[in-house]
2 protein chains.
Amino acid sequence: MATETKPFWGKKTYCLITGASQGIGRQIAIDFAQNIADNSSFFLLARNLEKLNETKSLMEAANPKIQVFCHSVNLSEPTGVELHKLITLSLTVFAQDPADYQQAVVVHNAGSLGDVSESAVEMRNVEKLDKYFTLNLYSVTILTAEFLKVFDIDRTKSEIVFINITSLCAVKPFPSMGYYCIGKAAREMYFSVLAEENKDLTVFSYSPGPVYTDMTDEIIANVESDEIKKTFTNMRDESKLLTTQQTVKRLVEILRDRSFTNGGRRDYYDEP
Amino acid sequence: MATETKPFWGKKTYCLITGASQGIGRQIAIDFAQNIADNSSFFLLARNLEKLNETKSLMEAANPKIQVFCHSVNLSEPTGVELHKLITLSLTVFAQDPADYQQAVVVHNAGSLGDVSESAVEMRNVEKLDKYFTLNLYSVTILTAEFLKVFDIDRTKSEIVFINITSLCAVKPFPSMGYYCIGKAAREMYFSVLAEENKDLTVFSYSPGPVYTDMTDEIIANVESDEIKKTFTNMRDESKLLTTQQTVKRLVEILRDRSFTNGGRRDYYDEP
């Protein structure tokens, strides 16, 4: 699948990661810190600043030659003005200009599960649906738009990479997972259209497989479908869920090998 | 693909069609009227009542042995209360109980193209995104929910069929078609989840192919992408676009042969 070979990990990078306070987002931050070129900068966003700063400490322990800046943000109420200001603020903190980086990366990791106690026929509350899409889709399109205003590819000549953390649920329906399925399907399609329209961007969706995170416990605790509850409970109890380390290791390899199709999706279990 | 054979067209049917005032929706109404069992009832919804009544006249000319009731509705501002009332009202007009029908069908045809002058990086207005999803997704989930309250399958024992009119855009990204692509992707996934959760429902998405309708002219007039404008202009000028008659004829055949997978998608161009 590799169409060209560029050293992703060898470049001085500006990397923005959403939802970096826990789970897969935190592990991505740590592993990216370990693998990235020296003098790279990381901008971490999530609601919980305290947990973001824990991620920062773990990153700096893994690699002291990076800069990390954390900021609290509520992506449930995204505004372009705020996100634009925050990206600009991070560059001020790093004392860098966008053109100082060889590569700029956004990892769209933040997201929510949705109400797994509701079946599809219960998904009929406009406000609730709107709230779900605002966090899981609109905040993503707004952040992408504002990022590309600051990191103007025509000026910086740097490579711009968008990594969308997706799920098998984007392409396969699961009972009681209606919100998650429709949100991930729409979000993945957004990135496919983005890639189709902007051939100079690097864009792909990574589906991390069944990973043990807080979301797993949330599913087991609340999911309406007995089938899903049983599947996840068994996988957890038999230690068959992936660790965040395992899945992020694969993501690091995929980026190293560029083993993805631009605009497409790559699952943990896909053959390289 | 046919997993079971039931005579779709031979049953006394209650059929609700959204967006039946023009284009594919109108053609579906006419062809369904021609093919359906006698004493079936059609409830047509769209904003424009005058055009709905034109559709009604065409249907009654095609088959005098059916009942047709039209009502104006604005699916941009859907409420469950209103949609529930309208379905109940239609049954009063038809002087029928849900259990009087052997089959109940909803054709979710209404939808909008979205702003094809915007590229993906310009899709950053929450209100605009929300408005698009309200019409193209939330109104669909609300209507489905309310329909299943009235046509309670446990009580009526009738077959319930949902037909989602989708597009190739649900599975393939096209430049300048961001809204349409993400809306159709999410909507298709909603129906896949619905089918997964309700094995007693019949659900499928029909992708009608490139059909010449008002939407085609809207694309040609407004689309930002030169590539898409050229493609559609050429297809139109060389009469390579399908007619609504052609594509609805195929849909009628698919229903007759049940040549679809429950919860899945079927394109005009798919092999039978």
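Above this text is the structure in question.
Residue positions are counted from 1 within each chain, in the order its sequence is given. Following the order in which they are written, the chains are lettered starting with A and the ligands numbered starting with 1. Only residues with pLDDT of 70 or above have their local features reported here, since the model is predicted, and side-chain atom pairs are shown and tallied only from 80 upward, although totals for entire chains, interfaces and linings are computed over all residues. To obtain the side-chain values, all non-hydrogen atoms of the structure were included, while hydrogens and water were left out.

## Describing the sheet that holds strand E1 (residues 13-18) of chain A
Residues and elements named next belong to chain A.
Then, number 1: Two strands pair under a simple rule: DSSP has to find at least two bridges between them. Numbering of helices and strands runs from the N terminus; a helix is a DSSP stretch of H or I covering at least four residues, while a strand is a stretch of E covering at least two. Strand order in the open sheet made by the seven strands is E3-E2-E1-E4-E5-E6-E7, with parallel pairing throughout. Strand pairing shows two members of the sheet lacking a second neighbour, strand E3 (67-72) and strand E7 (265-267), which therefore form its edges. Across the sheet, the axes of successive neighbouring strands diverge by a mean angle of 20 degrees, strand direction being ignored.
Then, number 2: Both strand E4 (residues 103-108) and strand E5 (residues 159-165) contribute to a ladder of six bridges, which runs parallel. The partner of alanine 104 across the bridge, within E5, is isoleucine 160.
Then, number 3: Contact criterion: two residues are considered in contact whenever any of their non-hydrogen atoms come within 4.5 Å of each other. Axis geometry follows a simple rule: fit a line to the C-alpha atoms, using only the stretch in contact for helices, then measure angles between N-to-C directions, giving values from 0 to 180 degrees. Contacts from helix H4 (residues 126-150) reach E1, E4 and E5, with the element oriented near 170 degrees to E4.

## Details of the interface of chain B and chain A
Then, number 1: On the side of chain A, 41 residues touch chain B, which itself brings 41 residues to the contact.
Then, number 2: Accessible area that two parts lose when put together, with a 1.4 Å probe and added across both, is what the buried area reports. The largest per-residue losses of area from chain B upon contact with chain A belong to Tyr138, Met189 and Glu197 of chain B, which jointly make up 18% of the total buried on that side.
Then, number 3: Salt bridge criterion: a side-chain nitrogen from Lys or Arg within 4 Å of a carboxyl oxygen from Asp or Glu. For the pair chain B and chain A, the number of links is zero salt bridges.
Then, number 4: Polar contacts, as counted here, are pairs of nitrogen or oxygen atoms within 3.5 Å of one another; within protein the pair requires one atom able to donate a hydrogen and one able to accept it, and residues that are adjacent in sequence qualify only if both atoms are side-chain atoms. At the junction of chain B and chain A, the tally comes to ten residue pairs in polar contact (both at pLDDT 80 or more).
Then, number 5: Elements represented by at least two residues in the side of chain B that touches chain A include exactly helix H4 (126-150) and helix H6 (178-197) of chain B.
Then, number 6: The leading source of residues in the side of chain B that touches chain A is H4 of chain B, at 13 residues.
Then, number 7: The classification used treats Ala, Val, Leu, Ile, Met, Phe, Trp, Tyr, Cys and Pro as nonpolar, Asp, Glu, Lys and Arg as charged, and all other residues, Gly among them, as polar. Here the residues of the side of chain B that touches chain A are counted per class, giving 27 nonpolar, seven polar and seven charged.

## Notes on the state of the cysteines
All names here are of chain B.
Then, number 1: We call a pair of cysteine sulfur atoms a disulfide when they lie within 2.5 Å. Applying the stated criterion across every chain yields a total of zero disulfides over all chains.
Then, number 2: Note on cysteine 70: no disulfide assigned, nearest cysteine sulfur contributed by cysteine 15 at a separation of 12 Å.
Then, number 3: Residue burial is assigned from relative accessible area. The probe radius is 1.4 Å, only protein chains are included, and a residue is buried under 20% of its type maximum, exposed over 50%, and partly exposed in between. According to the relative accessible area criterion, cysteine 70 is buried, its value standing at 9%.

## As for the pairing of strand E6 (residues 202-207) of chain A
Residue and element names in this part refer to chain A.
Then, number 1: Across the six residues that make up E6, a large majority, six, are buried.
Then, number 2: With helix H6 (residues 178-197) bridging E5 and the parallel E6, this β-α-β connection has right-handed handedness.
Then, number 3: The pairing of E6 with E7 spans three bridges and is parallel. Residue pairing in the sheet places tyrosine 206 in a bridge with arginine 266 of E7. Seen with its strands pointing away from the viewer, a crossover is right-handed if its path from the first strand over the helix to the second goes clockwise.

## Comments concerning the packing of aromatic side chains
Then, number 1: When two rings of Phe, Tyr or Trp (its six-membered ring) have centres within 6.5 Å they constitute a pair, described as stacked for plane angles under 30 degrees, edge-to-face for angles over 60, and tilted for the intermediate range. Summed over the entire model, instances satisfying the criterion amount to 39 aromatic pairs over all chains.
Then, number 2: For the ring pair tyrosine 132 of chain A and phenylalanine 133 of chain A, a centre distance of 6.3 Å and an interplane angle of 85 degrees mean the geometry is edge-to-face. As far as burial versus exposure is concerned, tyrosine 132 of chain A and phenylalanine 133 of chain A are alike and both buried.
Then, number 3: Of the aromatic side chains, those joined through ring pairs into one cluster are Tyr14, Phe43, Phe69, Phe94, Tyr101, Phe147, Phe151 and Phe162 of chain A.
Then, number 4: A cation sits over an aromatic face here: arginine 250 of chain A above tyrosine 268 of chain A, 4.4 Å from the ring centre.
Then, number 5: Over the ring of tyrosine 101 of chain B we find lysine 12 of chain B, and its NZ or CZ is 5.4 Å from the ring centre. Two conditions define a charge located above a ring, namely a distance within 6 Å from the ring centre to NZ of Lys or CZ of Arg, and an angle within 35 degrees of the ring normal.

## Structural notes on the pairing of E4 of chain A
Residue and element names in this part refer to chain A.
Then, number 1: By the criterion of burial, E4 is predominantly enclosed, with six of the six residues buried.
Then, number 2: Both faces of E4 are covered, namely the face carrying Gln103, Val105 and Val107 and the face carrying Ala104, Val106 and His108.
Then, number 3: One ladder, built from five bridges, connects E1 with E4; its direction is parallel. From the neighbouring strand, leucine 16 faces E4, where its bridge partner is valine 106.

## Things to note about the side chain of threonine 166 of chain A
Residues and elements named next belong to chain A.
Then, number 1: If you trace the backbone, threonine 166 turns up in the loop between E5 and H6.
Then, number 2: Here threonine 166 falls in the buried class, since its relative accessible area comes to 2%.
Then, number 3: At 2.6 Å, the side chain of threonine 166 forms a polar contact with the side chain of glutamate 188.

## Examining the relation of the copies chain B and chain A
Then, number 1: Its rotation angle being 180 degrees, the transformation that places chain B on chain A also includes 0.0 Å of axial translation and leaves an RMSD of 0.0 Å. Both chain copies can therefore be described as sitting about a two-fold axis. No C-alpha of chain B approaches the rotation axis more nearly than that of alanine 186 of chain B, which lies at 2.5 Å.
Then, number 2: Of the residues that chain B buries at the interface, 100% are likewise interface residues in chain A, meaning the two copies contact each other through the same surface. All copies are superposed by least squares; the fitting set is the C-alpha atoms of residues with a pLDDT of at least 70 in both.

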